[in-house]
There are 2 protein chains.
Amino acid sequence: MSRAYNFCAGPAALPEAVLRQAQSEMLSYQGQGLSVMEMSHRSEQFVDIAEQAERDLRRLLSIPEHYSVLFLQGGASLQFSMIPLNLLGESGCADYVCTGSWSKKAIKEAQRFGDIHVAGSSEASRFTSAPAASDWTVRPNSAYLHYTPNETIHGVEYLETPSLNLPHTQPLVADMSSTILSRPIDVSRFGLIYAGAQKNIGPAGITLVIIRNDLLERSAYADKQAQGG
Amino acid sequence: MSRAYNFCAGPAALPEAVLRQAQSEMLSYQGQGLSVMEMSHRSEQFVDIAEQAERDLRRLLSIPEHYSVLFLQGGASLQFSMIPLNLLGESGCADYVCTGSWSKKAIKEAQRFGDIHVAGSSEASRFTSAPAASDWTVRPNSAYLHYTPNETIHGVEYLETPSLNLPHTQPLVADMSSTILSRPIDVSRFGLIYAGAQKNIGPAGITLVIIRNDLLERSAYADKQAQGG
């Protein structure tokens, strides 16, 4: 059986060793007599798998303790709604950098929920470049600043994490679907990092969110608003 | 290798023949040199798989042509929000039958988005019974009527599809996560049927929605509202 050379961006090729292990455990995970897909999500075995996955990721990315790691459904595109719904907070406004198809989609979705300002855009040059972070116009009252480090459709990438001009201290939110785990990143410079699994992490179906714990509290505000409180 | 007797409600046991096929194709699906998880969602091979799954389901459940079949992410619980967000329409109100944990969760989520009336409830008897459909109080202007045919936590089930008292013609919406494919159903009596895959269909990760095509148009209204139009 020969394996193809697979250069798809995502769904992407998986390591052969991983596929062989999944294959060997397909009818019985660690001699339990059932596959991981047939196992209760509340079982000790499955809780171990989930905890190990989080530990491994925290080690690989040096994720600080004051960040939570969430494994979610719905794809990175569902985060286009979940992020403004949960993080806009009382100000109701956020800033977005527009550098290609993915950030355009994120902006369009966020505009349903709040006052969205485009802090920088290269649309006029058909996304053949990306505006320098020093030129981004960030509003002092915005709840967060969103950007897309790697625009896979237009082929434009920020190689470094942007340094924002002080005194702006908005949390930086990044769609890292095609960036994550490709290099070390300083997680502490971000408020929230999200990434669909199918490009750089594993098979499609899981979306990773790494969020600074203080931002989780904004969800409580969003929840209260939704209930008319 | 011996297989366990697995009576979990969900994630549930999968047929051994299916696991063996997945196992044999883990490194190369139909001699392509890559697994199905590594394949482009736009490839001919994957589109064939998706179309075959829909054809098989339409045949098994005799789904009429004026219904659409959607394979979605997010679990049946995400439908607790998606259904009111998309179907409430201009009336902004819907009726729900409350027969246990799952319908209570569906009601709580719907209350964020509209005027929700409990058309019948057995909460006073601690969900040891289910109110007869003939006793449900359905409002003439409600956008739809939601019920949960099988409440797996409290162990209460409607064995027959309820016959509503005329002249109410609201579309019936049913959470069939633990009902679907266990028996023939007359799909034409429902407006929308939804079901998480992990109990009766297959591994966790997919949610099935079967929706009458005219109801899809209500989403356009919801979309316009969301955009402030």
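Residues numbered from 1 in each chain as written. Chains lettered and ligands numbered in written order. Predicted model: local features only at pLDDT ≥ 70, side-chain atom pairs only at ≥ 80, totals over all residues. Heavy atoms only, no water.

1. Quick look at the sheet that holds strand S9 (residues 207-212) of chain B
All names here are of chain B. So the rule is basically this: Two strands are said to pair when DSSP picks up at least two bridges between them. Helix and strand assignments come from DSSP, with helices taken as H or I runs of at least 4 residues and strands as E runs of at least 2, each series counted from the N terminus. Axes here refer to lines fitted to C-alpha atoms; in helices the fit is confined to the stretch in contact. Angles between the N-to-C directions go from 0 to 180 degrees. Residue contacts are counted whenever heavy atoms from the two residues lie within 4.5 Å of one another.
Read from one edge of the open sheet, 7 strands run S1-S9-S8-S7-S4-S2-S3, paired in mixed fashion. In this open sheet, the two strands that pair with only one neighbour each are strand S1 (67-72) and strand S3 (115-121). Pairwise comparison of adjacent strand axes, ignoring direction, gives a mean angle of 20 degrees for this sheet. With 6 bridges joining them, strand S2 (residues 93-98) and S3 adopt parallel strand pairing. Bridge pairing in S3 links Cys98 to Ser121. Contacting S1 and S9, helix H2 (residues 44-61) runs over the sheet at an angle of about 125 degrees to S1.

2. Side note on the confidence of the model for chain A
Put simply, the rule reads: The pLDDT value tells you how sure the predictor is about a given residue, anywhere from 0 up to 100.
Here chain A averages 93 in pLDDT, and 96% of its residues register 70 or above. Here the predicted complex scores 0.92 on pTM and 0.88 on ipTM.

3. Focus on the side chain of Ser40(A)
This is how the line gets drawn: A 1.4 Å probe rolled over the protein chains alone gives each residue an accessible area, and that area as a share of the maximum for its type sets the label: buried under 20%, exposed over 50%, partly exposed in between. Here a polar contact means two N or O atoms within 3.5 Å. Within protein one must be a hydrogen donor candidate and the other an acceptor candidate, and residues neighboring in sequence count only if both atoms are side-chain atoms.
Among the secondary structure elements, Ser40(A) is positioned in the loop between helix H1 (16-24) and helix H2 (44-61). Given a relative accessible area of 19%, Ser40(A) falls into the buried group. Within polar-contact distance, the side chain of Ser40(A) engages the backbone nitrogen of Arg42(A) at 2.9 Å. Ignoring sequence-local partners within four residues, the contact set of Ser40(A) consists of Phe46(A), Cys8(B) and Pro11(B).

4. Some thoughts on the relation of the copies chain B and chain A
Here is the rule: Least-squares superposition of the copies uses the C-alpha atoms of those residues scoring a pLDDT of at least 70 in each of them.
With an axial shift of 0.0 Å and an RMSD of 0.0 Å, the rotation relating chain B to chain A amounts to 180 degrees. Such a turn and shift between the copies fits a two-fold axis. A share of 100% of the interface residues of chain B reappears at the interface of chain A, consistent with the copies meeting face to face through the same patch.

5. Thoughts on the pattern of salt bridges
Side-chain pairs of opposite charge can arise where the charged atoms are in close proximity. Residue and element names in this part refer to chain A. We apply this condition: Counted as salt bridges are all cases of a side-chain nitrogen of Lys or Arg within 4 Å of a carboxyl oxygen of Asp or Glu.
In the structure shown here, the tally under the stated rule is 20 salt bridges over all chains. Residue Glu16 is joined to Arg20 by a salt bridge in which the shortest nitrogen-to-oxygen separation is 2.9 Å. Of this pair, Glu16 and Arg20 both sit in helix H1, 4 residues apart, which is roughly one turn of the helix. Here Glu16 falls in the partly exposed class, since its relative accessible area comes to 35%. What makes Arg20 partly exposed here is its relative accessible area of 44%. Members of the salt-bridge network, linked through shared partners, are Asp95, Asp115 and Arg139.

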